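An overview of the molecular structure
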Number of protein chains: 2
Amino acid sequence: MTFDQIQSFYMVATLGTYRQAAERLNATQPTISARIVALENYLRTSLFNRSGHRVVLTPQGRLFLSYAEKFLELQASVLKMTRGQDELTGIIRIGASDTMAISWLPGFFSILRKRYPNAVFELHVGPSYRLREDLISREIDLAFMIGPIAHADIASLPLCVCPMVIVAAPELGLHGRLLTKDDLGEIDFFTFERLTRPYQELSPYLKVNANSSIRLNPVNSLQTIVMLVEMGLGAGAVPQVVIEQQLKNGSLIKLDTGFELPELKFSVSYPMSPDMGVAEMVRDLSMSYLKDMPKQDSIKIIY
Amino acid sequence: MTFDQIQSFYMVATLGTYRQAAERLNATQPTISARIVALENYLRTSLFNRSGHRVVLTPQGRLFLSYAEKFLELQASVLKMTRGQDELTGIIRIGASDTMAISWLPGFFSILRKRYPNAVFELHVGPSYRLREDLISREIDLAFMIGPIAHADIASLPLCVCPMVIVAAPELGLHGRLLTKDDLGEIDFFTFERLTRPYQELSPYLKVNANSSIRLNPVNSLQTIVMLVEMGLGAGAVPQVVIEQQLKNGSLIKLDTGFELPELKFSVSYPMSPDMGVAEMVRDLSMSYLKDMPKQDSIKIIY
DNA sequence: CAAGTTTGATAAATATTTTTTATTAATTTA
DNA sequence: TAAATTAATAAAAAATATTTATCAAACTTG
């Protein structure tokens, strides 16, 4: 079975004669004839009744016509997708850390889709150490993650810096005063999972600046951390940008611990490969998107 | 664009190399190479990144893969519709674990041959970990094995559960009483080979529940295990279903160890491919065969 | 109703394309 | 660094498709 055969069959079925179909397809009548015969042999069934002066579809022919239409539609849409003049086509797999995914990524995503309507964007959310592996093994094309990362053929560009804050539900009554080391020892802390850079930076930091008996509970979902803290189960060390809403409506309040947590530095990273600069195109759009965002404390853009 | 090209692309994308795809499609490597080039020219985009030693899909390639699957599915369903309704022809390669091969498979096999007289069925018996590899490399079409297995394009459906028993020849005089830990330490045990799931599940289980000095001898043939145990060389930990006969005629007797071994869970697994549903046809017949079997303790059917 | 017209089928020659064989270059593995 | 494995390539061979020329059958029409 070939697409020529399917197309010829379709034309004969719609135009009614072999000759017309031949003309339409820039072929001769015997060519069409041969194609239909070949198709019938392949399907082991006859598609037209040629006993009369003009061709009439058989029941099997009518059934196959619906398939033929599907084949040709599929073929047309393949061409549209892959040959589309637009610069970016195909499936682009974008990785993002939790923080990025929760904060500015949704807005960027809609811009991205508008800008490159012929591409499909697949989102991979995960911790930065996993995104790094996925970049190296080429399982994603680009990642917005904590960085920059050092690797032979991974390019990294700094994007933005997000300050961390320590927050709690107002019910706990921990706000409005400078917390003592003993205060801190009483509280449960929730933050990123153990393998992540925030955990590894924060853990010694908290232990130095607070009581040594501090309880730091790693949770591998930022969404979950925010929920746990909102429910009053303890304090959370999270990037301010993901809890702007909660700070505004008062369901979470910043605590004054007397020290500052190190900021999270985000980058856009991608494998350096000689393909058409897919990653570069997404990167550039993300950088201009970030630049155009209203200035705010919780995300500082790096130029 | 031709169906040969689409199929070749699909095979390269799933198998990972041109050579393997060529083998699978009974063609030479340059043929596959030419087809892919032709397809890329037609689509005006590159589908694979061949800069390295192995081929990797480009974003466009990933997108086209989803179209290729649709094309092949459509083609398969056209053939199903116009050609023989549910006929199975050619050589179908069926994998089976030892336990399956010894117990219900022979009965099923005769049903299968009667139902599809125009097909040839090739039986591949082996441990489940090897069947898994063979499914992934498409060296078998379907397997009855311990599972379900987790893999991107392998489908797994639970089939049945088989309890394990510990048996010995009556001559050893170990039956009819609760064995002590010291008793168990005296006995040689025979069971599946080291790499298999039964061995890995059983080994710590026996060590916990019995004397730590237990001697567990792995043998890679279930048939052989049964023979060794029948000859009185030790006890065997085997699925009950394979020794029903021996239990009935008294050549083997269950031992009372005071604990139960974990059951073996069997599945039917097959590569999800857009072909004519060969695997699905065999799967469905096997499931209905198992359902119609007389109820027994040694095989519990999962619906 | 017979002549003219149109239809699709067929055979042989021709043109095109696909596949194979043999070889190469590049990359990975031991 | 040697051996093995990968895909690309060129030229020859094989297979396939198309055209030209012709035919028989079936409609049209005067």
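Residues numbered from 1 in each chain as written. Chains lettered and ligands numbered in written order. Predicted model: local features only at pLDDT ≥ 70, side-chain atom pairs only at ≥ 80, totals over all residues. Heavy atoms only, no water.

Along its 24 residues, helix α4 (residues 59-82) of chain B runs 35 Å from first to last C-alpha, staying within 8% of the 34 Å computed at 1.5 Å per residue. With 17 of its 24 residues buried, α4 of chain B lies for the most part within the structure. (Helix = DSSP H or I, 4+ residues; strand = E, 2+ residues; numbered from the N terminus. Expected span 1.5 Å × (residues − 1). Buried < 20%, exposed > 50% of the residue type's maximum accessible area, 1.4 Å probe, protein only.)

Moving on, we come to the nonpolar core. Ranked by size, the top nonpolar core spans 68 residues in total, and within it L88, W104, F108, F121, F144, I166 and V282 of chain B carry the most contacts. Split by domain, the residues of this core number at least three in each of domain 2 (90-161 + 265-301) and domain 3 (164-262) of chain B. Apart from the residues lying within four places of it in its own chain, the contact partners of F121 of chain B are L88, I92, I94, F109, L112, R113, Y116 and V282 of chain B. Counting residues in each nonpolar core, the second largest holds 67 residues, with L105, L159, F190 and V241 of chain A among its members. (Core = buried A, V, L, I, M, F, W, Y, C linked by side-chain atoms within 4.5 Å. Domains from an automatic or database assignment. Contact = heavy atoms within 4.5 Å.)

It is worth spelling out the sheet that holds strand β13 (residues 300-301) of chain A at this point. Residue and element names in this part refer to chain A. Spatially, the six strands line up as an open sheet ordered β4-β3-β5-β12-β6-β13, and their pairing is mixed. Edge strands, defined here as strands with exactly one partner in the open sheet, are β4 (119-125) and β13. Where helix α12 (residues 278-291) meets the sheet, it contacts β3 (90-96), β4, β5 (142-146), β6 (154-162), β12 (264-271) and β13, and its direction lies at approximately 15° from that of β6. (Pairing = 2+ DSSP bridges. Axes fitted to C-alpha atoms, helices over the stretch in contact; angles between N-to-C directions.)

Residues and elements named next belong to chain A. Read from one edge to the other, the open sheet built from five strands follows the order β9-β8-β10-β7-β11, with strand pairing classed as mixed. At either end of the open sheet lies a strand with only one pairing partner, and these are β9 (215-218) and β11 (253-254). Sheet strands in contact with helix α9 (residues 197-209) are β7 (164-168), β8 (188-191), β9 and β10 (235-239), and its direction is about 170° off that of β9. Here helix α10 (residues 222-230) sits on the sheet in contact with β7, β8 and β10, set at roughly 140° to β10.

A word on the interface of chain A and chain B. Contact with chain A, which involves 30 residues of that partner, is made by 24 residues of chain B. Approximately 2900 Å² of surface area, both sides summed, lies buried where chain A meets chain B, with 69% of it carried by carbon and sulfur atoms. The largest contributions to the chain A side of the interface with chain B come from F3, Y67 and R83 of chain A, which together make up 20% of the buried area. Taken together, chain A and chain B are joined by one salt bridge. In this structure, R62 of chain B engages D141 of chain A in a salt bridge whose closest nitrogen and oxygen atoms are separated by 2.7 Å. Inspection of the region where chain A meets chain B yields five residue pairs in polar contact (both at pLDDT 80 or more). Taken together, the elements giving at least two residues each to the side of chain A that touches chain B come down to α1 (3-15), α3 (29-43), α4 (59-83) and β3 of chain A. (Buried area = accessible area lost by both parts, 1.4 Å probe. Salt bridge = Lys/Arg side-chain N within 4 Å of Asp/Glu carboxyl O. Polar contact = N/O pair within 3.5 Å; in protein donor to acceptor, adjacent residues only side chain to side chain.)

With that out of the way, let us pick up the environment of N26 of chain A. The topology assignment puts N26 of chain A in the loop between α2 (18-24) and α3. Measuring from C-alpha to C-alpha, the distance between N26 of chain A and E87 of chain A comes to 32 Å, with 61 residues separating the pair along the chain.

This part takes up the packing of α1 of chain A against α4 of chain A. Residue and element names in this part refer to chain A. Put simply, α1 and α4 touch, their axes get as near as 9 Å, and they point 120° apart. The angle between α1 and α4 places the two elements in the oblique class. Every pair of crossing elements has a handedness; the one defined by α1 and α4 is left-handed. Contacts between α1 and α4 involve F3, I6, Q7, F9, Y10 and A13 from the former and G61, F64, L65, A68, E69, F71, L72 and Q75 from the latter. (Parallel < 35°, antiparallel > 145°, perpendicular 65-115°, else oblique. Left-handed = near helix turned anticlockwise from the far one by under 90°.)

This part covers the domain arrangement of chain A. Its domain assignment divides chain A into domain 1 (3-83), domain 2 (90-161 + 264-301) and domain 3 (164-254). Relative placement of domain 1 of chain A and domain 2 of chain A: their C-alpha centres are 47 Å apart.

Attention now goes to the environment of Y18 of chain A. Residue and element names in this part refer to chain A. One can find Y18 in helix α2. Residue Y18 is classed as buried on the basis of its relative accessible area, which comes to 11%. Y18 sits 147 residues away from V165 along the chain, and the two C-alpha atoms are 76 Å apart. Discounting residues that sit within four places of it in the chain, Y18 has contacts with V12, Q29, I32, S33, I36, F48, R50 and V55.

Moving on: unusual backbone geometry. Residue and element names in this part refer to chain A. Positioned with a positive phi, R44 is a non-glycine residue whose angle comes to about 55°. Checked against the element boundaries, R44 lands in the loop between α3 and β1 (48-49). On the basis of relative accessible area, R44 is assigned to the exposed category, the value being 59%.

Here the focus is the protein's contact with DNA strand D. Inspection of the region around DNA strand D gives 15 residues, with T31 and R35 of chain A together with Y18, S33 and R50 of chain B positioned closest. Counting only the atoms of DNA strand D that lie within 4 Å of the protein, the sugar and phosphate share comes to 70%. One of the side-chain nitrogen or oxygen atoms of R35 of chain A is found 2.7 Å away from a phosphate oxygen of DNA strand D. In this structure, R19 of chain B approaches DNA strand D through a main-chain N or O atom, which is 3.2 Å from a phosphate oxygen. Put simply, the parts of the chain that give the surface near DNA strand D at least two residues each are α3 of chain A together with α2 (18-24) and α3 (29-43) of chain B. Residue classes in the surface near DNA strand D are distributed as four nonpolar, eight polar and three charged. (Near = heavy atom within 4 Å. Nonpolar A, V, L, I, M, F, W, Y, C, P; charged D, E, K, R; others polar.)

Looking now at a nonpolar patch on the surface. A cluster of nonpolar side chains, M227, M231 and L233 of chain A, forms an exposed patch at the surface whose accessible area comes to about 340 Å². Mapped onto the elements, L233 of chain A comes out in the loop between α10 and β10. (Patch = residues over 30% accessible without salt bridge, like charges linked within 9 Å, V, L, I, M, F, W, Y side chains within 5 Å. Areas by Shrake-Rupley, 256 points an atom, 1.4 Å probe, with all protein chains shown as cover.)

Now for the packing of aromatic side chains. Each aromatic ring pair is summarised here by two numbers: the centre-to-centre distance and the angle between the ring planes. Residue and element names in this part refer to chain A. Summed over the entire model, instances satisfying the criterion amount to 22 aromatic pairs over all chains. Ring plane angle 85° and centroid distance 6.5 Å describe the contact between F3 and F71, whose orientation is recorded as edge-to-face. Here the residue F3 occupies a position in helix α1, and F71 occupies one in helix α4, the gap between them amounting to 68 residues. The pair F3 / F71 is uniform in exposure class, with both members buried. Measuring from ring centre to ring centre gives 5.7 Å for F108 and Y289, while their planes differ by 50°; the resulting arrangement is tilted. In this pair, F108 is assigned in helix α6 (residues 105-115) and Y289 in helix α12, connecting sequence segments 181 residues apart. Assessed through its relative accessible area of 1%, F108 is described here as buried. Between the NZ or CZ atom of K70 and the centre of the ring of Y67, over which it lies, the distance is 5.3 Å. (Phe/Tyr/Trp six-rings, centres within 6.5 Å; stacked < 30°, edge-to-face > 60°. Lys NZ or Arg CZ within 6 Å of the ring centre and 35° of its normal.)

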